[in-house]
Amino acid sequence: MAMRTRLEAVLNVGLRIPSIMLLEVLYRWDVSSFFQKIQRSSLNNNPLFQYKYLALYLHYVGYILSLVLLTLPRQHLVRLYLYVLTALLLFAGHQLSRDYVRSELDSGYEGPLYLDPLSMNRFTTALIGQLVVCTLCSCVMQTKQIWLFSAHLLPLVARLCLVPLETIVFINRFAMIFTGLEVLYFLASNLLVPYNLAKTAYRELAQVVEVYGLLALGMSLWNQLVLPVLFMCFWLVLFTLQIYTYFSTRDQPPSRERLLFLFLTSIAECCCTPYSLLGLVFTVSFVALGVLTLCKFYLQGYRAFMNDNAMHRGMTEGITLLILSVQTGLIELQVIHRAFLLSIILFIVVASILQSMLEIADPIVLALGASRDKSLWKHFRAVSLCLFLLVFPAYMSYMICQFFHMDFWLLIIISSSILTSLQVLGTLLIYVLFMVEELRKAPVENMDEVIYYVNGTYRLLEFLVALCVVAYGVSETLFGEWTVMGSTIILVHAYYNVWLRAQLGWQSFLLRRDAVHKIQSMPTASALQLQQHNDICSICYQDMKSAVITPCGHFFHAGCLKKWLYVQETCPLCHGQLKSQSQSANTSAPLATDAPPANQNAQETEQEQLLGESAVEEGFQAEKTSSDFEAQLSLQNSDEPELEGQSLEKFQEDSEKCDLLVDKESDEGQTEDLDGEQAAHSSSSVPPSS
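No experiment lies behind these values; they were computed from the predicted model shown.

**Notes on the overall build of the chain**
Thinking step 1. Scanning the chain from terminus to terminus reveals 25 helices and two strands.
Thinking step 2. Per-residue burial over the chain gives 33% buried out of 690 residues.
Thinking step 3. When contacts within the chain are restricted to residue pairs at least 6 apart in sequence, those whose partners lie at least 24 apart make up 69%.
Thinking step 4. In the structure as shown, the chain presents an accessible area of about 42800 Å², 65% of it carried by carbon and sulfur atoms.

Next up, the structure:
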């Protein structure tokens, strides 16, 4: 069943290639220039070449037939090819019969066949060929009426019956006419089949458009026709024919430099129409997909195919090639100019593939550095790929500078290659830091700061490279040749590679600064508090030798909480808002209605600090009480309800006492609106601890 499905998929693609080839030929064929050549030649008096408008109409009819063949369902397409194959077999049979009659006329022997060995050999060969043709026709048409395809056997039968050679010539012509009448009868009996098929297709298309819309219709045709694979196979056939034509007309093998020129010119010859350009686009997409798939397989093995990223399927490279080809008018250029421009576009595509390979390798390399995986083969594969991505873009930039004159397009390629090398260098530095930390068997202090500075350094270098490219493009536009396309490229490059990079860098700096201010505004836990807390950090799950206390009463490592605050401004446990002192003051100032005197504020501040410390201590006592209570419950049996009730009453009394202290603190320090908010925060600090 799987073999049949694959065969149907191959037929679905292979049988549609001739229709695209016909479209390619019709697009390349210029009817006007063709008739101008005819008028200057000896065929001008031929009546077949005097009806120019008829040829134009036939040209458009050829387009329609090609599109019909391209969109025909697979079952009808297979049947149509079987009919065409049968017609070709019948033609081959009559060609064999005509050749046999001609050879008999040349020999002039009219006697019995068994008396002349040469005549017997000619007859046997022709008879075997005709029987093979008849058998193939009956098999293709799936019929047992083999006599329908045996008209070309009549000259052989007549020769076997010793009919004169002049009569055999007449019999051969009669056999050809009879076969032609059979073909005409078959066509007349199926004359309404195309009309009925078009009517049914129109009805189905109208229903699909009415129910699902044009977009669904387009996606359905895209999937049924397998257009990417179809155009790729069409382009590969075209490219193979171009290479074969070149080598068949050359006697000496070309040199290595000539081979490179041959490769570029052959590609340029195979993208001179919209159909061949689409074929090249899909071919480049599949080549990029193959390279990226090999990259993932080299890094992760078969596990790489479990989670596929839609951005790493070669679509970016194909779309880049299509946009640049359309904007530069690639198909309208001469072959030499097209080959030169195509080489630059292919360099841009290669730079895009290298960037996609880096996007695949970067998280895998960093994950290997941060993990405790000691597989040397995995580390070797990751580091070797990074070294390749570090060296190859630099080498490509060097070769471009050596063989091409520098302009804006080549500067974009070189800048992209330099950015790729810089990103790989930053990834390798972070990987080395992770490996050093792993070899030391102890966490490195301020590792997050070091990584941030490493990332910031190469991000700054990327920004400077992009800024230089934009400055060069602006100067070339102002003082050189101005083009709409060049200005568009400069604007796009300035927006994505300069403005967005600067904006993201500034936002990252503000987030880090805000996180540092928040951590500095939080109190540091003392040794006694850490001993009473006796818990791990809820972010990294490691023991805490030092910690900060959030406003909601939770303990975290300062570095872990700072990393958390880069992502969001809430507590990791209770999701309460974490604000710095300056933010709290800015929030509470507009809400205050009556401003108390200064000395009263100072006294209340001292009382609030004392009450806050006592509340924290009471919270730790309640926490300890709750832990003791849980331990007692685990040791008691189910038949001791009195002790269980006493422990529960004691725990409830401790919790109520802590709530009263926190309520007293919030009543003395804040207004009525802030009262409820801080009371909620204070009351929520006890249950998570318990």
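**Comments concerning helix H15 (residues 335-370)**
Thinking step 1. Relative to the 52 Å expected for 36 residues at 1.5 Å per residue, H15 spans 52 Å between its end C-alpha atoms, a close match to the ideal helical length.
Thinking step 2. The largest bend in H15 amounts to roughly 30° and is located at alanine 361, with the proline proline 363 lying one to four residues further along.

**A look at the pattern of salt bridges**
Thinking step 1. One pass over the structure, following the stated rule, counts five salt bridges.
Thinking step 2. Taking the shortest distance from any N to any O, the salt bridge between arginine 4 and glutamate 8 comes out at 3.5 Å. Taken together, the residues arginine 4 and glutamate 8, both in helix H1 (residues 2-14) and four residues apart, mark about one turn of the helix.
Thinking step 3. You can call arginine 4 exposed: its relative accessible area is 56%.
Thinking step 4. For the salt bridge of glutamate 104 with arginine 159, the shortest nitrogen-to-oxygen distance reads 3.2 Å. Of the two residues, glutamate 104 is situated in helix H5 (residues 74-107) and arginine 159 in helix H7 (residues 154-160); the sequence distance between them amounts to 55 residues.

**Overview of the packing of aromatic side chains**
Thinking step 1. Per the counting criterion, the structure on display carries eleven aromatic pairs.
Thinking step 2. Members of the aromatic cluster, connected to one another through ring pairs, are Trp222, Phe231 and Phe282.

**Some points on the packing of helix H17 (residues 408-440) against helix H18 (residues 447-479)**
Thinking step 1. One way to put it is that H17 packs onto H18 with a least axis distance of 10 Å and a crossing angle of 175°. In terms of orientation, H17 and H18 fall into the roughly antiparallel class.
Thinking step 2. Classifying every residue of the contact of H17 with H18 by side-chain character gives 19 nonpolar, five polar and four charged.

**Observations regarding a nonpolar patch on the surface**
Thinking step 1. Together, Tyr83, Ile177, Leu181, Val183, Leu184, Phe186 and Leu187 give the surface a local cluster of nonpolar side chains, amounting to about 630 Å² of exposed area.
Thinking step 2. Counting residues per element, the nonpolar patch draws most heavily on helix H8 (residues 165-189), at six residues.
Thinking step 3. Along the polypeptide, tyrosine 83 turns up in helix H5.

**Things to note about the side chain of histidine 152**
Thinking step 1. As for its placement among the helices and strands, histidine 152 is situated in the loop between helix H6 (117-141) and H7.
Thinking step 2. One polar contact links histidine 152 to glutamine 130, side chain to side chain, over a distance of 3.1 Å.
Thinking step 3. What histidine 152 contacts, discounting residues up to four positions off in sequence, is Leu90, Gly93, His94, Ser97, Gln130, Val133, Cys134 and Ala175.

**Looking at the packing of H15 against H17**
Thinking step 1. Interaxial distance between H15 and H17 falls to 10 Å at its minimum, and their mutual angle equals 10°. Comparing the axis directions of H15 and H17 gives the class roughly parallel. When H15 is examined against H17, the residues Ile344, Phe347, Ile348, Ala351, Leu354, Gln355, Leu358, Asp362, Val365, Leu366, Gly369 and Ala370 are found in contact with a partner set consisting of Trp409, Leu410, Ile413, Ser416, Thr420, Gln423, Val424, Thr427, Ile430, Tyr431, Phe434 and Met435.
Thinking step 2. Of the residues contributing to the contact of H15 with H17, the split by class is 17 nonpolar, six polar and one charged.

**With respect to the nonpolar core**
Thinking step 1. Core analysis: the largest hydrophobic core is formed by 55 residues, its most contacted members being Leu280, Leu299, Leu321 and Met357.
Thinking step 2. Only helix H2 (17-28), helix H11 (227-248), helix H13 (274-300), helix H14 (315-328), H15, helix H16 (376-403) and H17 provide two or more residues apiece to this core.
Thinking step 3. It is H15 that contributes the most residues to this core, 16 residues altogether.
Thinking step 4. Ignoring anything within four residues of it in the chain, the contact list for leucine 280 reads Trp235, Ile267, Cys271, Leu321 and Leu342.
Thinking step 5. Core analysis: the next-biggest nonpolar cluster, separate from the first, contains 18 residues, Ala525, Ala547, Cys552 and Cys571 among them.

**Points about unusual backbone geometry**
Thinking step 1. For leucine 162, which is not glycine, the phi dihedral falls at a positive 60°.
Thinking step 2. What makes leucine 162 partly exposed here is its relative accessible area of 45%.
Thinking step 3. Within the chain, asparagine 534 stands out as a residue other than glycine whose phi angle is a positive 50°.
Thinking step 4. Relative to the helices and strands, asparagine 534 is located in the loop between helix H20 (527-533) and strand E1 (548-549).

**Quick look at the confidence of the model for the chain**
Thinking step 1. Mean pLDDT over the chain stands at 75; residues scoring 70 or higher make up 74%.
Thinking step 2. Taken element by element, the predicted model of the chain shows its lowest mean pLDDT in helix H25 (residues 672-689) (39) and its highest in H13 (91).
Thinking step 3. Confidence over residues 660-690 falls short of pLDDT 50; this stretch has 34 contacts with residues more than four positions distant or in other chains.

**Quick notes on the environment of proline 164**
Thinking step 1. With respect to the secondary-structure elements, proline 164 resides in the loop between H7 and H8.
Thinking step 2. A C-alpha to C-alpha distance of 9.8 Å links proline 164 and tyrosine 109, two positions 55 residues apart in sequence.

**Description of the side chain of glutamate 317**
Thinking step 1. For glutamate 317, the position within the fold is in helix H14.
Thinking step 2. Residue classification places glutamate 317 among the buried residues on the basis of a relative accessible area of 1%.
Thinking step 3. A polar contact of 3.1 Å, which involves the side chain of glutamate 317, links it to the side chain of serine 356.
Thinking step 4. When near neighbours in sequence (up to four residues on either side) are disregarded, glutamate 317 contacts Val284, Ala288, Val349, Ser352, Ile353 and Ser356.

**Focus: H14**
Note: α-helices contain 3.6 residues per turn, so residues at a spacing of three or four share the same orientation.
Thinking step 1. Its 14 residues give H14 an end-to-end C-alpha distance of 20 Å, which sits within 8% of 20 Å, the value for a rise of 1.5 Å per residue.
Thinking step 2. Within the sequence span of H14, burial applies to Glu317, Gly318, Leu321, Leu324 and Ser325. Seen from one end, H14 has its buried residues packed into an arc of 135°, which puts them on one side.
Thinking step 3. Residues of H14 that are buried in the fold lie against H13, H15 and H17.
Thinking step 4. Among the residues trailing H14, glycine 329 stands out with phi positive, at a value near 65°.

**Some remarks on the environment of valine 226**
Thinking step 1. Relative to the elements of secondary structure, valine 226 occurs in the loop between helix H10 (214-225) and H11.
Thinking step 2. On the basis of relative accessible area, valine 226 is assigned to the partly exposed category, the value being 26%.
Thinking step 3. Expressed as a C-alpha distance, the spacing of valine 226 and valine 13, which sit 213 residues apart in the sequence, is 7.2 Å.

Cut-offs used in this document
- Residues numbered from 1 in each chain as written.
- Predicted model: local features only at pLDDT ≥ 70, side-chain atom pairs only at ≥ 80, totals over all residues.
- Heavy atoms only, no water.
- Helix = DSSP H or I, 4+ residues; strand = E, 2+ residues; numbered from the N terminus.
- Buried < 20%, exposed > 50% of the residue type's maximum accessible area, 1.4 Å probe, protein only.
- Contact = heavy atoms within 4.5 Å.
- Areas by Shrake-Rupley, 256 points an atom, 1.4 Å probe, with all protein chains shown as cover.
- Expected span 1.5 Å × (residues − 1).
- Bend = angle between axes of the 7 residues up to and from the residue.
- Salt bridge = Lys/Arg side-chain N within 4 Å of Asp/Glu carboxyl O.
- Phe/Tyr/Trp six-rings, centres within 6.5 Å; stacked < 30°, edge-to-face > 60°.
- Axes fitted to C-alpha atoms, helices over the stretch in contact; angles between N-to-C directions.
- Parallel < 35°, antiparallel > 145°, perpendicular 65-115°, else oblique.
- Nonpolar A, V, L, I, M, F, W, Y, C, P; charged D, E, K, R; others polar.
- Patch = residues over 30% accessible without salt bridge, like charges linked within 9 Å, V, L, I, M, F, W, Y side chains within 5 Å.
- Polar contact = N/O pair within 3.5 Å; in protein donor to acceptor, adjacent residues only side chain to side chain.
- Core = buried A, V, L, I, M, F, W, Y, C linked by side-chain atoms within 4.5 Å.
- pLDDT = per-residue confidence, 0-100.
- Arc of directions from axis to C-beta.

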